[in-house]
Each structure stands twice: as C-alpha cells, then as structure tokens.
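Chains, contacts and geometry: an overview
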Amino acid sequence: METDINNHIKKPSFMYALLMLAAAVAVVSVGILVFDAPIQILMFISILVVMPFMLKLGFTYKQIEESMFESMGKALQPVLILLTVGILIGAWIASGTVPTLIYFGVEAISPQYFLVTTLLFCSLVAVATGTSWGTIGTAGIAMMGVGTALGIPAGITAGAIVSGAYFGDKMSPLSDTTNLAPAVTGGDLFSHIRHMLWTTVPAYLITAIIFTVIGLQYNGSVNADSVARMTTYLNENFSLGLVPMIPVVVLITLLMMKKPAIPSIFIGAATGGVVAIFAQGFTFGETVGIFYNGYTVESGIEIVDSLLIRGGLVSMLALVALFLFALGLGGMLAEAGVLEAMIASFANNIKHTGVLVAVTSVVSYFTLAIGGSVYFSTVMGGTLMQPIFERLNLKPENLSRVLEDTGTQSAALLPWTGSGLYTAGALGVATVAYLPFCFLAFITPIVSIFYGITGLTMTEYENDDEKLENAKTA
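Description of the structure in this document. (Residues numbered from 1 in each chain as written. Predicted model: local features only at pLDDT ≥ 70, side-chain atom pairs only at ≥ 80, totals over all residues. Heavy atoms only, no water.)

A few words on the overall build of the chain. Helix and strand counts for the chain come out as 24 helices and 2 strands. Taken over C-alpha atoms, the radius of gyration comes to 23 Å for the chain, in line with the 23 Å a tight globule of 474 residues would show. Once the C-alpha set of the chain is aligned to its principal axes, its extents read approximately 70 × 50 × 40 Å. Out of the 474 residues belonging to the chain, those deemed buried represent 56%. Contacts in the chain between residues at least 24 apart in sequence constitute 78% of all its contacts with a sequence separation of at least 6. About 19,600 Å² of surface is accessible on the chain, with carbon and sulfur atoms providing 67% of the total. Charged side chains in the chain number 17 positive and 28 negative. The centres of these two groups are separated by 8 Å. (Helix = DSSP H or I, 4+ residues; strand = E, 2+ residues; numbered from the N terminus. Rg over C-alpha atoms; globule rule 2.2 N^0.38 Å. Buried < 20%, exposed > 50% of the residue type's maximum accessible area, 1.4 Å probe, protein only. Contact = heavy atoms within 4.5 Å. Areas by Shrake-Rupley, 256 points an atom, 1.4 Å probe, with all protein chains shown as cover. Lys, Arg positive; Asp, Glu negative; His and termini not counted. Charge placed at Lys NZ, Arg CZ, Asp CG, Glu CD.)

Printed below as a string of structure tokens:
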C-alpha cells in the first residue's frame, strides 16, 4: 500500500480494496440469505465493518465520520422528495385523483394492450417532464391501479412503468441526468442524446414487442365480477370526473416548467388536499392525517383495499433509513480509494473498444451499487474512465452513452439506491418483483457492448486539433 505524504493515509492495494468491498458485501448478502435480516440494519453493520479497514489505512475516526456524513448529506433532496411523494400518494387517493384514473383506465384500456400502452404513456410523460421520479409518482401510480384492476401482476406493470419512465428521462433534454453525463465527460448535450439513439431505440423497440407479447396472454383474463365491484365502489364513494384531475394537471405543468421538484410535488399534494376537502367531503383534520399516515379504508373488497390503503409520510421512513445508510457506506468506500485501486490494476491493459465498454459498464454498475445514487455513479464512472477513452481516441459521447445505458437505466433496479427506494415506495411493489421485467435496462447494455465489440457507432477524433478543441470547450 502506498502512503499519502500529506496526511499519512495509505492508498489501498488491489487486494486490500477487494477485501474491504467483499467484507461489506458479505454482511449484506449473508444477512439477507441466511438470516432474512432487514437490509437497513445490514447496511448499518457494513458501515461498522468497513471502519477498521479505514483506520488501518491511516484515517482518523473523525475523517471516516466526515466522509460518511458528506455522502449522506447528498441524500437530503432525494429524502425530501421521498417523504413528499408519500404525502402526494395519500392526498391523491383522498382527492379522488387515483380512483378517477383507475375507474376510467379500466373502462378504456384493453387488458392485452395495457402493458405496451403503459410503456408508451410513461415514456411520453417522462420525455415531456424530464423526470423519471415525477413520471413514476404520477402516471406510474395511476397505471399500477389500472393494472391491478385488469388482473395484470404488479411486478410486470411496474416493469413497464420503470422502462418507460427511464427511457423518457434518459432521452429528454430536460433531464438532470441527461445533462450531467456529457458535462462530466466533456461532451455536449445534443451530441450525447443523438449518440444514445443508436443503443436506446433498438432496445426500446424490442422492449415494446416483449410487453405486447406478454400482454396478449391477459386477453379475457379479467375477473369481471371483481372489477365490477371495484368500479361500483369507486363510483359510489368518490366524486369522479374532471375536478379530481386538477392535481395531476398542476403537478405536470410545474414539472414541464422545470420548477424545483420538492415544492412542485408538495403543491401537487396540497392541491389534492384541497380537492379532498371541497370535492370529497374530508375535513381539514382528516386530510392532514392522511398526509401523515396515508389513506385508510375498510371496504370489505380486497382489490379496493389493496389499491387505496397507501401513502403518507410515515410510509417512506424505512426507505429513508436505508438510503442514508447506503450512501454513508458508499461515501466511506469512495473516500478510502477502493474504486481507484481496483481500476488502476487493469487500466493499462484496456486496448480494445469492446473491452473498454464492458469494463465501463461494470464500473458504472459498481459505483451505482456502492454509491446508492445515479449521480454518484455518473460522476465517479465518468471521472475514472475518461482518461482511458481519451487514450483510445474516443469522443466523450461514447463514454456518456455507456454511463446512461448502464447506471442511469438501471438506477431503479437496486433496492438500496435512491431510485430503487423511491420506485418501490411510490408503486408499492418490491424491487425484486419488478426487476425481471425491466427489459429496457437489460437490453440496452447488450446493444452498447455489441457496438463496443464491433466498433460500430464508436466515434473517434479525426485529428489532434479536434481533440484539443473539445478539451478547451469542455
């Protein structure tokens, strides 16, 4: 291990870095598989396990604590969004917004085309708003209710929602992640988006075909009696129609205007609260209680209870704890230099675009897993891999595309990441239930690696002057 002269902190060797990572992973995997322990506690124990490794490298406890808190501090905005979305869900059920969307969705959408319709609908909303989280929290919640009423398994519906939401987010010039990737790698926004079309469009078409084929098996599978009881209950207990849709219009308008996410979501929830009071007959006290504890009902109809007993700030607290511990662990591993040590061991041996794209994909997934955030993954992956792309004379849009094809596209697939926690909490579906059906997230990297192996669409600098000019612009 090398020593940093300035503060006597040693840089970990490859084997030491691997041992640190293996210890943290072992705690989580063994805890879940053997003891079925809550992942929040396992993440906290992993933090304690990693601390002695960092102390041995020369870090003081205060430095370790600071690295953990600095990383946790980055979770403040996502945590507030999580809590606000919990309020939004409860408010929109009480306002009749979700019941209205479910009622008319069941009436209008054919079961066999529901999944591909969901994919397309969520894609359009995400492209227009530039946010996967906003799409999942609006269109996604509504489509989950419709899917349940139509007899579609929740995991499959959620997979279509996630695929559509992250496609639209990834391809929208309004998206923060779409702007971040070229900024980190030294490219420009529209070159980045155009370059992603080569991988994303073929993967999206294949995904649409798969969801169409899956959807065909649900033709005529709806339990007509169950759906009739549900629609009757919704019609008798809520004032359905245009007024309950006002909160949706308000929120989507604010998101399209690129207003800050937290106040936008809360205004959408507050609007739902106003509608709940004046259109649905709730008192102010009842509405505030729903904001905190979520909506509750005892209808005696299983499908109704499963759709409507949801939401509230409290419903998100377990997810918040997991997010904080995961980010704290990721910050410690990053500060210790685990990533740099592992990449440095093989960086000079990367001499082919196929190997480079494959390694970058692994780094992107790895940084997503330990950092718990697509922002961490994009910044770390872009920073670590950029010199290798430049050495192979590859333009920055190649790197930014791989980062988006992997880290961004898979952000909701890990249960401890911010996106995974948000998606599971908003849709009410465990990550492992929808993960197998997020086809776009699996197909896109395959297309990306294919281009890396063949060299197709891998743009290169034409001369040194072009490379220099790009460096000046970046």
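Our focus in this paragraph is the packing of helix H16 (residues 317–335) against helix H21 (residues 418–427). For the pair H16 and H21, interaxial distance at closest approach is 10 Å and the crossing angle is 170°. As far as their axial angle goes, H21 and H16 are roughly antiparallel. Taken together, the residues of H21 that come into contact with H16 (itself represented by Leu-319, Leu-322 and Phe-323) are Gly-418, Leu-421 and Gly-425. For the contact of H16 with H21, the residue count by class is 4 nonpolar, 2 polar and no charged. (Axes fitted to C-alpha atoms, helices over the stretch in contact; angles between N-to-C directions. Parallel < 35°, antiparallel > 145°, perpendicular 65-115°, else oblique. Nonpolar A, V, L, I, M, F, W, Y, C, P; charged D, E, K, R; others polar.)

On to the packing of aromatic side chains, then. This model, assessed by the stated rule, comprises 10 aromatic pairs. With a centroid separation of 5.1 Å and an interplanar angle of 65°, the aromatic rings of Phe-211 and Phe-439 are classed as edge-to-face. Separated by 228 residues along the polypeptide, Phe-211 in helix H10 (residues 189–216) and Phe-439 in helix H23 (residues 439–454) bring together distant segments of the chain. With respect to class, Phe-211 is no different from Phe-439; both count as buried. Every member of this aromatic cluster is reached through a ring pair, and the members are Phe-211, Phe-437 and Phe-439. (Phe/Tyr/Trp six-rings, centres within 6.5 Å; stacked < 30°, edge-to-face > 60°.)

Looking now at the pattern of salt bridges. Note on pairing: side chains with opposite charge can pair once their charged atoms come close. Inspection of every chain in the model, using the stated rule, returns 1 salt bridge. A salt bridge links Asp-405 to Lys-170; the nearest nitrogen and oxygen atoms lie 2.5 Å apart. Of this pair, Asp-405 sits in helix H20 (residues 396–408) while Lys-170 is found in helix H8 (residues 154–171), placing the two residues 235 residues apart along the sequence. Given a relative accessible area of 0%, Asp-405 falls into the buried group. (Salt bridge = Lys/Arg side-chain N within 4 Å of Asp/Glu carboxyl O.)

Relative orientation of the contacting elements helix H18 (residues 353–371) and helix H19 (residues 374–391) amounts to 150°, with a least axis distance of 8 Å. As far as their axial angle goes, H19 and H18 are roughly antiparallel. Considering only the axes of H18 and H19, their crossing is right-handed. Note on element contacts: H19 touches H18 through Val-374, Phe-376, Ser-377, Met-380, Gly-381, Met-385, Ile-388 and Phe-389, opposite Leu-356, Val-359, Thr-360, Val-363, Ser-364, Thr-367, Leu-368, Ile-370 and Gly-371. Each residue belonging to the contact of H18 with H19 can be placed in one class, and the counts come to 11 nonpolar, 6 polar and no charged. (Left-handed = near helix turned anticlockwise from the far one by under 90°.)

Moving on, we come to unusual backbone geometry. Phi angles above zero are rare outside glycine, and Asp-36 is one such case at about 50°. Backbone geometry at Thr-457 places phi at a positive 65°, although glycine is not the residue there. Mapped onto the secondary structure, Thr-457 falls in the loop between H23 and helix H24 (464–473).

To continue, consider the nonpolar core. Grouped together as the largest cluster of nonpolar side chains are 147 residues, with contacts concentrated most on Met-20, Met-230, Tyr-295, Leu-308 and Met-385. When residues in this core are grouped by element, the largest group, 12 residues, is from helix H4 (residues 76–94). In contact with Tyr-295, other than residues within four places in its own chain, are Gly-90, Ile-93, Ala-94, Phe-238, Phe-282, Ile-290, Leu-308, Ile-309 and Arg-310. (Core = buried A, V, L, I, M, F, W, Y, C linked by side-chain atoms within 4.5 Å.)

The subject of this paragraph is helix H1 (residues 14–33). Relative to the 28 Å expected for 20 residues at 1.5 Å per residue, H1 spans 27 Å between its end C-alpha atoms, a close match to the ideal helical length. Of the residues making up H1, those classed as buried are Tyr-16, Ala-17, Met-20, Leu-21, Ala-23, Ala-24, Val-27, Val-28 and Gly-31. Tucked into the core, H1 has its buried residues touching helix H2 (39–57), H16, helix H17 (338–344) and H18. (Expected span 1.5 Å × (residues − 1).)

Locating Gly-145 in the fold gives a position in helix H7 (residues 132–150). Setting aside residues up to four positions removed in sequence, Gly-145 forms contacts with Ile-102 and Leu-307.

What follows covers the state of the cysteines. A full pass over the atoms with the stated rule returns 0 disulfides. Among the cysteines around Cys-122, which has no disulfide bond, Cys-438 carries the closest sulfur, lying 12 Å off. On the basis of relative accessible area, Cys-122 is assigned to the buried category, the value being 0%. Accessibility expressed as a relative area gives 1% for Cys-438, which makes it buried. (Disulfide = S-S within 2.5 Å.)

Mapped onto the fold, Arg-310 is located in the loop between helix H15 (302–308) and H16. No salt bridge is formed by the buried Arg-310; its nearest oppositely charged neighbour, Asp-305, is found at 12 Å. Engagement of the side chain of Arg-310 in a polar contact is seen with the backbone oxygen of Ala-426, the distance being 2.5 Å. In contact with Arg-310, not counting residues within four places along its chain, are Ile-89, Gly-90, Ile-93, Ile-141, Gly-294, Tyr-295, Gly-425, Ala-426, Leu-427 and Gly-428. (Polar contact = N/O pair within 3.5 Å; in protein donor to acceptor, adjacent residues only side chain to side chain.)

For the rest of this paragraph, the subject is the environment of Leu-308. By the secondary structure assignment, Leu-308 is in helix H15. Leu-308 gets classed as buried once you look at its relative accessible area, which sits at 1%. Residues Leu-308 and Ile-109, 199 residues apart in the sequence, show an inter-C-alpha distance of 20 Å. Setting aside chain neighbours within four positions, we find Leu-308 in contact with Ile-93, Pro-99, Tyr-233, Leu-234, Phe-238, Tyr-295 and Val-297.

Everything listed here is a matter of geometry and, on its own, says nothing about what the molecule does.
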